[in-house]
Structures are given as structure tokens and as C-alpha cells.
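Residue-level structural notes
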Amino acid sequence: MNKKKPELLAPAGDLEKVKWAILYGADAVYLGGREYSLRANAKNLSIEEIKEASEYVHSYNKKIYVTVNIIFHNEDLINLKEYLIELNNAKVDAVIISDPIIIDIIKELKLDIEIHLSTQQNTLNHEAFKFWESEGISRIVLARETSKEDMIRIKKESSIELETFIHGAMCVAYSGRCVLSNYLTNRDSNRGGCSQICRWNFELFDKFKNKLEFKEEFSMAVKDLSMVKHIKELIDIGVSSFKIEGRMRSVYYIATVLNIYRKIIDDYFEGKSDENIDEEEYELYRCANREAIPQYFKSKPGVEGQYYLGRNEQSNKDFLAIVLDYDGNEIKLEQRNYFKVGDIVTIFGPKTKRFDLKIEYIKEDETFIDMANHPLQVIKIKCDKKVYKNDIMRVKF
Amino acid sequence: MDCQYPLEKMSKLLVIPINKDNFINLNKRNIDGFIIGLKGYSVFTSYDINIDEIKEIIKLTDKEIYISINKPLFVEDIDKLKPIIENLSKLNIKGIIYDDIGLLNIVKEYNINLIWNQLHLGTNYETCNYWYKKGVKGSILSTELMLDDYINIKRNTFLPIFVYIYGYLPMFESSRELLTNYFKYMNSNKKDDVYYLYEKERDKYYTIYENNDNTYILEDLIDGIEEVKVLKENNIDYLILNGLNHLEDKFNIVVDSYIEALNGNIIRKSNNKGFLYKETIYKVKNE
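Report on the accompanying structure. Quick caveat, the model's predicted, so the values are computed rather than measured.

Residue and element names in this part refer to chain A. Their axes nearest at 10 Å, the elements helix α1 (residues 15–23) and helix α2 (residues 47–59) cross at an angle of 15°. On the basis of the axis angle, α1 is roughly parallel to α2. Crossing angle aside, the handedness with which α1 passes α2 is right-handed. Taking contact as the criterion, the partners of Leu15, Val18, Lys19 and Ile22 in α1 are, on α2, Glu49, Glu52, Ala53, Tyr56 and Val57.

Attention shifts here to the interface of chain B and chain A. Listed by partner, the interface residues are 80 residues for chain B and 78 residues for chain A. Both sides of the chain B and chain A interface together cover about 7200 Å² of buried area, and 57% of this is carbon and sulfur. Contact with chain A buries area across many residues of chain B, yet Arg176(B), Tyr182(B) and Tyr282(B) alone supply 12% of it, more than any other trio. Here chain B is connected to chain A by eight salt bridges.

Another aspect to go through is unusual backbone geometry. Residue and element names in this part refer to chain B. Of note in the backbone geometry, asparagine 212 takes a positive phi value of approximately 50° without being a glycine. One can find asparagine 212 in the loop between β10 (204–211) and β11 (214–223). Classification of asparagine 212 by relative accessible area gives partly exposed; the value is 36%. One non-glycine residue, asparagine 235, adopts positive backbone phi at about 60°. Residue position: asparagine 235 is located in the loop between α8 (228–233) and β12 (238–242).

Summarising the element assignment, Ile236(B) is placed in the loop between α8 and β12. What makes Ile236(B) buried here is its relative accessible area of 0%.

Glancing now at the pairing of strand β11 (residues 241–244) of chain A. All names here are of chain A. Alternating positions in β11 separate into two faces, Ser241 and Lys243 on one and Phe242 and Ile244 on the other, with burial throughout. Bridge count for strand β1 (residues 7–11) against β11 is three bridges, and the pairing is parallel. Opposite glutamate 7, over in β11, you have serine 241 as the bridge partner. Looking at chain direction, strand β7 (residues 161–168) and β11 are connected through four bridges and run parallel. Looking at the pairing, threonine 164 lines up with phenylalanine 242 of β11.

A separate point is the packing of aromatic side chains. Counting across every chain of the model gives 38 aromatic pairs over all chains. Ring plane angle 80° and centroid distance 6.2 Å describe the contact between Tyr98(B) and Trp131(B), whose orientation is recorded as edge-to-face. With Tyr98(B) in strand β5 (residues 95–98) and Trp131(B) in helix α5 (residues 125–133), this pair connects stretches of sequence that are 33 residues apart. Tyr98(B) sits in the buried class, given a relative accessible area of 0%. Exposure remark for Trp131(B): the relative accessible area of 0% places this residue in the buried category. Feature note: the residues Phe214(A), Phe218(A), Tyr308(A), Tyr182(B), Phe183(B), Tyr185(B) and Tyr195(B) constitute an aromatic cluster, connected by ring pairs. Its end group placed over the ring of Tyr253(A), Arg249(A) keeps NZ or CZ at 4.4 Å from the ring centre. Above the plane of the ring of Phe397(A) lies Arg394(A), whose end atom (NZ or CZ) is 4.0 Å from the centre.

Thresholds applied
- Residues numbered from 1 in each chain as written.
- Chains lettered and ligands numbered in written order.
- Predicted model: local features only at pLDDT ≥ 70, side-chain atom pairs only at ≥ 80, totals over all residues.
- Heavy atoms only, no water.
- Axes fitted to C-alpha atoms, helices over the stretch in contact; angles between N-to-C directions.
- Helix = DSSP H or I, 4+ residues; strand = E, 2+ residues; numbered from the N terminus.
- Parallel < 35°, antiparallel > 145°, perpendicular 65-115°, else oblique.
- Left-handed = near helix turned anticlockwise from the far one by under 90°.
- Contact = heavy atoms within 4.5 Å.
- Buried area = accessible area lost by both parts, 1.4 Å probe.
- Salt bridge = Lys/Arg side-chain N within 4 Å of Asp/Glu carboxyl O.
- Buried < 20%, exposed > 50% of the residue type's maximum accessible area, 1.4 Å probe, protein only.
- Pairing = 2+ DSSP bridges.
- Phe/Tyr/Trp six-rings, centres within 6.5 Å; stacked < 30°, edge-to-face > 60°.
- Lys NZ or Arg CZ within 6 Å of the ring centre and 35° of its normal.

This is a description of form; function is not addressed.
Structure, rendered in C-alpha cells:
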């Protein structure tokens, strides 16, 4: 196969998630610093942590990108140059930007850092790609509304790298064109303060301000994105980077999503057919607990793309434990959620093909117990099949 | 940057008319120009017309005419716009207001002034300077800025500055048909052109409507009539008044009041000043 293998790009909200992402098959990670990132209220990383993440990622020959993607106000410009110099010194591979002033600063300071244009710039067409290419941008994250047909045309007419989201939450609005958060909660959405008004319910009134009496209130909430059944098409188009959304998501989410997409990409390049795609799609649904569709890829989403009924986004407690060690007979685990003797569970990992296991016994400090019901409880279970440190045990479904 | 100001302080008044009658009526008034939408390619304007109609209305006025092409542009839009842009380049218009960077790329081969208006993204002077260096001739700044921000940006850029001082505030734009979808889900049909979202927390109604298969939500009117004096003294180049969602009689009175205000006579008070004196936050807690 002559096609170039795309990069699998994972979110990393903190240093721990950087390591999990690399372990579970990410080719690159993206993260935000404490300043200038569109997830202003996430934990994010200090500059020292970014340096540490950079060293870690590069030790595995992987890449690290830092989001500097707020829309700057005058007062935000004050320390911007110094921050970019620090990122350059941390040897990050690229910055992901929305505001083009960073292009000029990087050129002026002659920093050795690539510039990726954020989806926040809402780039939808080949002419925009050509402009940004002439400005020195090396990669553009496509607007969320880009169709397959438009991706093909853009790829044909531009030599710049295409990055596209393949999984995760969506904005209902065009990126950068929603300031509901500013007006309704005084939090600036384009500087990372988005309060997700689009997930609120509203009463709807007609033009005479008479309330419409429907059984559900008006909602703008949209389902998530999942490209799990279209990865091969994206590879054939020549998309360079497949991005997973979710810098505020859990380790379990990152590991599960990466594990599935890594396998699909690798299988395609090894000429293997994917017979378990429906199972994988369901597994992705379970780990986010939200429905997901391919959004704009084939056609513009209609009513099927919306959420109207109340949703349960509470943790479904599927994540049971992390493997700490394996001695050939027993797995040493660290508990995350309740399980008991007799349960059938599923184990997976970067080198461990998913398999089911019946819990024959649980031992804590060499004492047999009936259930594992304490978070971070260290226990042992019987297992004949080889597993590895940092494999994940979850509910079988 | 130390920008040189003209000796005579002045701001021009640009109006986005409601319809052709309103255009003809306002053309008789002491305003400096109009912003007109290009049918199918403009958002948050109400008088959107095609290229032939633009040719006709240009003949009716000697005021400045800006054509607003500010919707996000898909590949198909770009293909369709190319011949239209060529036609516009032959007309006596003052400039094109653009949002999509693809439009910038296709317009640059023609001798047309471009005004940068990426809706909520014009928020600092350095970005204005970036576009100035690309040959852009003006910037319509974001409506989520404070009065001092407008002044500081103007002081630090050579780019002519346009401030949206009156009209409904654009808050939201989605490529989805959110009303149509909702009615479909409820086994009903969308009957009106405009609806209102009601927010219990602030006991407020927001206009929501669909146009060109997209959905838009508007905040209340911003009315900065009492700030005209300070904007003028600080050499803001253009003040924009938008007639979207207005009845003509009321809007004409508004336009007259701004003409008076530019002459130093503030003849009424305003109720909503948007973010002119209100700072937004984005970090809820400091670690």
C-alpha cells in the first residue's frame, strides 16, 4: 500500500494522560498550557510539565502539540512572545493557533516550531487553505462542517496537511461563531470560558411570544462525532492527522478510544478486514455514554443529529481496574469500580487483544474476599492469559 | 504603534438597511454609506440582493456601498462566488466585507477594498495590524469588546476601524436547521420565520430564526448612542447601525438620532450597552 499512514492524535489534559495516550498508541498528543488555551478551566499543564511531556513524548519518537488557540484581547498580548519562546525551548513540535498574530511572532522570533491552524478558524474551502499555506501554516484542522466531497477537493488543490476530528463532542455552532456563553453567563467562549449553553433547554415561543406547548423543551444539544466506520475513507482521501476530542476526558476514555482507532488504522494498512466494527462502535458509545454519528461527512445532520430527551451522562462504572502486574497466574489490579466474584469482565490493552474473563476469586493481602468495592483497592484475581501492566479491565457488554 | 490622526475628528455613519424602500429613504439622509448583503452569502443583514440588483441600487446613490459577504463559505460557495466577485470588481463599490479567508484569497487578484469582519474574532490591535499588512482596508471589530478596547485598538493600528454601535447582537450561528429539526421531532411544522427562546434565569427572550438552511440567535439590541461622542473623539472611522429585525419607521428614527449624535446632540438615552462597560471572564477559578 502506497498510502501514508495517518497520525493518530490524542488529547492530554495532564501529564498522566500524556503517558496513557502514548502507551495506547497515539502518534502525537495535544495539550493546553495554563495560558492561552481554549479549555481555560481544565487542569492544563505548567510550562515545566510541558517540558516534561515533551521529553517523554519525544523519547518514544512521538510528537507534541500545544494549543495557543484563544482569540486574543489586547490585555492577553502582554506575555505572549515570552510564552512562545518557552514553548520553543520546551521543543514542542507545533502550536495550534486560531489568531494569526502568532504567525508573525513565530516568524519574527525565528522559532523552530510548526504552526497548525485550529478548527476555531473554521476553514471550509480550498482557497482558505491556499491563503494559510502561503502564510507558512503547515497543517489545518478542518472545520467540523466539512463534507467528504469538500475534503477531497481541498486535498486536491492544496499541499498543506489536513487534520480532522474523528471522535468526540461537537459544537452545534460553527466554531468561533457562538458567543452565547458571553451573553448568558459573561464567560468568553473564544478565550476558553465556554459554559456550554448549547446543552441547556429553552422554552420556545412563537412570533407573538405565545409559548409552544410541546412535550420536550427546545434544545440545541447535538450528538457526538464518531468516524469509526469511515476511517478507511479518510485514509484514502489523504487526511494526515486523525484527532480525538476530549482534553477533559478520563484516562479510561482516552485508552478505549485510542485502542479502537489504533487497531482500525493498523488493520487497514496490514490488509486485515475489520469484522468487529459494530462491537467497536458500541464500545465507543459505552465509554462516552453518548450517542455518536459521522456528522457532516456524508450529509448535513438533521433531526437524527440532535438530543432532545434528557440524557444520562453519569459515569456508567464500566471501568473496573488497571493492571499493575502479572505473574503468569494472577493479575495484580488497582480497583476503579465495583466488581465481585463470578462477574465476567473484559480486559484489553495496547498489546492485549480484548478477551473475557470470569472472576474466579478476588484476593486482598492474600485474603479471599467476595467483592472489590474500594477505589484504588489493590487486589489479585486469577488469570491464565498473559496481560501487561496498564491494561484495562472493564465491564463485559 | 503611534498612529497619526486626521486634524478634524470625524466618524462616518454606515447603515445596514431593512429593504429597498428603507435604502431609498435613508439615502436622502446625512449618512455616509450602506452595507448591503449579497443574496445567499450574507448573515445578520436583512437587505440581501443579487448582483443585478446591486448594479441597480448603485445608480441610486453617491454614498459609499459596502457589500457584505460574511457567511462561512463551503467549496461550492467559492466556485459560485468567483464570477460574482469579478462582476463586483467592475462596480463602483467602496469595498467587500469578508469573513471567510477563502474569499480574501479570491478577491486579492482584483482591485477591491477588503474589510475584515470575522464576526467575534476582531478583538485586538495586533490582529488588525496583521490584516493591515495583508492589504486589508478596514476591520469591523467584535461586538463583545469594551469601549476602552475599541479606543485602544484604534490607537494602535493603521487599519480603519468599524464599530457596530446599534442593532441586534449576533450571538450564534449554526449550519444546522435547529428549528426545523425540533419541529420535526415534535411531529409538527415550523410556521413562523422568527421564534423566541426564553431563558428563565434572566427572564429574557432571544430571537432565533433560520435563513439559508442555517440557524441564528440574536441578543438584545445594543445601542451606543451615548458613546458616539467618545468614539468620534477617538477617531473611530465608522459607526454601523443595523436595521435587521426592525420596523422601518422605528429604524429611521434611530438613524436620525445617530446623525444628531454625530453633530453633538444626544437626544435620547439607551437601554442596553452590550459589553461596552462589561468585562467578560474566561477563567472561573485561579489555581
